[in-house]
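Coordinates in review
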Amino acid sequence: DAGVIQSPRHEVTEMGQEVTLRCKPISGHNSLFWYRQTMMRGLELLIYFNNNVPIDDSGMPEDRFSAKMPNASFSTLKIQPSEPRDSAVYFCASSLSPSGITDTQYFGPGTRLTVL
Amino acid sequence: DAKTTQPTSMDCAEGRAANLPCNHSTISGNEYVYWYRQIHSQGPQYIIHGLKNNETNEMASLIITEDRKSSTLILPHATLRDTAVYYCIVNPTGTASKLTFGTGTRLQVTL
C-alpha cells in the first residue's frame, strides 16, 4: 500500500497566485481530511469529507480556501488568491470509517507551502 | 477548549522505557484515547488507541486508569528514532471523527 500521496511536496509561489494542493487517499478509505500546521497555531483541521461529501468545513480560514473531492481517490485544496500568511505545511489524511466505529487516520507526508 | 493536558517535553535514555502521561479528566463515556506522534518534517503517525482497557501493539502500550481520567503511553525500549512530538487526543466514536491536536509532548531520546 502506497499510503496517502500528496503533491507537490514543496510549493513556492508569490502572493496573489492560485495554489492547488493534491491528495490521493489510501485505496478503500472513505473519509478524507485536510489539515494545516504552523508554528503559531499547531495542527488544525480545515475540512473533512465522508464518501466524497464535505461534512465539516468550519476550519476553512476564509473564502479564499476551497476543497473538492470529485471521486473517492482524489481531492484538491485550492487557495486563490494566496497570501504570505497561508505559508504552512498542509497535510492530507484518510481513514476507513464504518458507521459507529471509531477510526484511525493515516497522514500523508505533507505539502510545504511558501507564499512570498 | 483543551480536552487533554500533557507535559511540554520529556527526555529518555535510549533503551529505557519512555512513559508519557496524559490527563483527560473531562473525558466522556464514548470517547476513546488516541495517541499519535509526529517525527520532524513528517506527517503524524497513529500509535495506539483505547477505550477503557489497557492496550498493546507492536509500537507501544497504553495504560488507562480505571476512572479514565488519565492515561500513559509506554514505549518499552526507546530508540533515537522515537524522538518526536507525541499527541494524546480524546475522540468520540462515530463516522469520520475529527482529531483535535493539542501541543503534545516533545520526547527527546538521548544516547
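Up top you'll find the structure we're talking about.
What you are looking at is a predicted structure, and each value in this text was computed from that prediction instead of being measured.

Calculation rules
- Residues numbered from 1 in each chain as written.
- Chains lettered and ligands numbered in written order.
- Predicted model: local features only at pLDDT ≥ 70, side-chain atom pairs only at ≥ 80, totals over all residues.
- Heavy atoms only, no water.
- Helix = DSSP H or I, 4+ residues; strand = E, 2+ residues; numbered from the N terminus.
- Rg over C-alpha atoms; globule rule 2.2 N^0.38 Å.
- Buried < 20%, exposed > 50% of the residue type's maximum accessible area, 1.4 Å probe, protein only.
- Contact = heavy atoms within 4.5 Å.
- Areas by Shrake-Rupley, 256 points an atom, 1.4 Å probe, with all protein chains shown as cover.
- Lys, Arg positive; Asp, Glu negative; His and termini not counted.
- Charge placed at Lys NZ, Arg CZ, Asp CG, Glu CD.
- Pairing = 2+ DSSP bridges.
- Axes fitted to C-alpha atoms, helices over the stretch in contact; angles between N-to-C directions.
- Phe/Tyr/Trp six-rings, centres within 6.5 Å; stacked < 30°, edge-to-face > 60°.
- Salt bridge = Lys/Arg side-chain N within 4 Å of Asp/Glu carboxyl O.

Attention shifts here to the overall build of chain B. Each helix and strand counted, chain B has zero helices and nine strands in total. Counting from the amino terminus, helix and strand elements in chain B follow one another as β-β-β-β-β-β-β-β-β. Relative to a compact globule of 111 residues, whose C-alpha radius of gyration would be 13 Å, chain B shows 13 Å and is just as compact. On the principal axes, the C-alpha backbone points of chain B span a range of 40 × 30 × 25 Å. Taking all 111 residues of chain B together, the buried fraction comes to 44%. Look at the contacts in chain B between residues 6 or more apart in sequence, and 55% of them connect residues 24 or more apart. Put simply, chain B shows about 5800 Å² of open surface, and 48% of that area lies on carbon and sulfur atoms. Across chain B, 9 positive and 9 negative side-chain charges occur, with their mean positions spaced 4 Å apart.

All names here are of chain A. The topology assignment puts H10 in strand β2 (residues 10-13). Given the relative accessible area of 57%, H10 is considered exposed. Along the chain, H10 and L113 lie 103 residues apart, while their C-alpha atoms are 6.0 Å from each other.

Mapped onto the secondary structure, I48(B) falls in strand β4 (residues 45-50). Excluding anything up to four places from it in sequence, I48(B) contacts V33(B), Y34(B), W35(B), E55(B), T56(B), N57(B), A60(B), S61(B), L62(B) and L73(B).

This next bit is on the sheet that holds strand β1 (residues 9-13) of chain B. Residues and elements named next belong to chain B. Taken together, the five strands give an open sheet; going across it, the order is β1-β9-β8-β3-β4, and neighbouring strands pair in mixed fashion. The sheet is open, and its two edges are formed by β1 and β4, each paired on a single side. Pairwise comparison of adjacent strand axes, ignoring direction, gives a mean angle of 25° for this sheet. Sheet topology places strand β3 (residues 31-38) next to strand β8 (residues 84-92); eight bridges connect them, and they run antiparallel. Residue Q38 lies in a different strand from β8, and its bridge partner there is V85.

In the structure shown here, the tally under the stated rule is 12 aromatic pairs over all chains. Arranged with centres 6.2 Å apart and planes meeting at 20°, the rings of Y34(B) and Y36(B) form a pair that is stacked. Y36(B) shares its class with Y34(B); the two are buried. Ring geometry for Y87(B) and F101(B): centres 5.1 Å apart, planes at 90°, overall edge-to-face. Residue Y87(B) is found in strand β8, and its partner F101(B) is found in the loop between β8 and β9 (105-110); the two are separated by 14 residues along the sequence. Relative accessible area serves as the criterion here: at 9%, F101(B) is assigned to the buried category. These aromatic residues form a ring-pair network of at least three members: F33(A), Y35(A), Y48(A), F91(A), F107(A), Y34(B), Y36(B), Y46(B), Y87(B) and F101(B).

Turning our attention to the pairing of β8(B). Along any regular strand, the residues point their side chains to alternate faces of the sheet. All names here are of chain B. For β8, the buried fraction is high: eight of the nine residues fall into the buried class. In this structure, β8 lies alongside β9, joined through three bridges in antiparallel fashion. Each bridged residue has a counterpart across the sheet, and for Y86 the counterpart in β9 is T105.

The subject of this paragraph is the pattern of salt bridges. Oppositely charged side chains can form a pair if their charged atoms are brought close together. Residue and element names in this part refer to chain A. In total, this model carries 10 salt bridges over all chains according to the counting rule given. Here D86 makes a salt bridge to R64, at a shortest N to O gap of 2.7 Å. Separated by 22 residues along the polypeptide, D86 in the loop between β8 (74-79) and β9 (88-95) and R64 in the loop between β6 (53-56) and β7 (65-71) bring together distant segments of the chain. Comparing D86 with R64 shows no difference in burial state: the two are buried. Linking E83 and R85 is a salt bridge whose minimum nitrogen-to-oxygen distance equals 2.6 Å. When its relative accessible area of 54% is taken as the criterion, R85 is described as exposed. Residues participating in the shared-partner salt-bridge network are E62, R64, E83, R85 and D86.

Coordinates in, geometry out; function isn't part of it.
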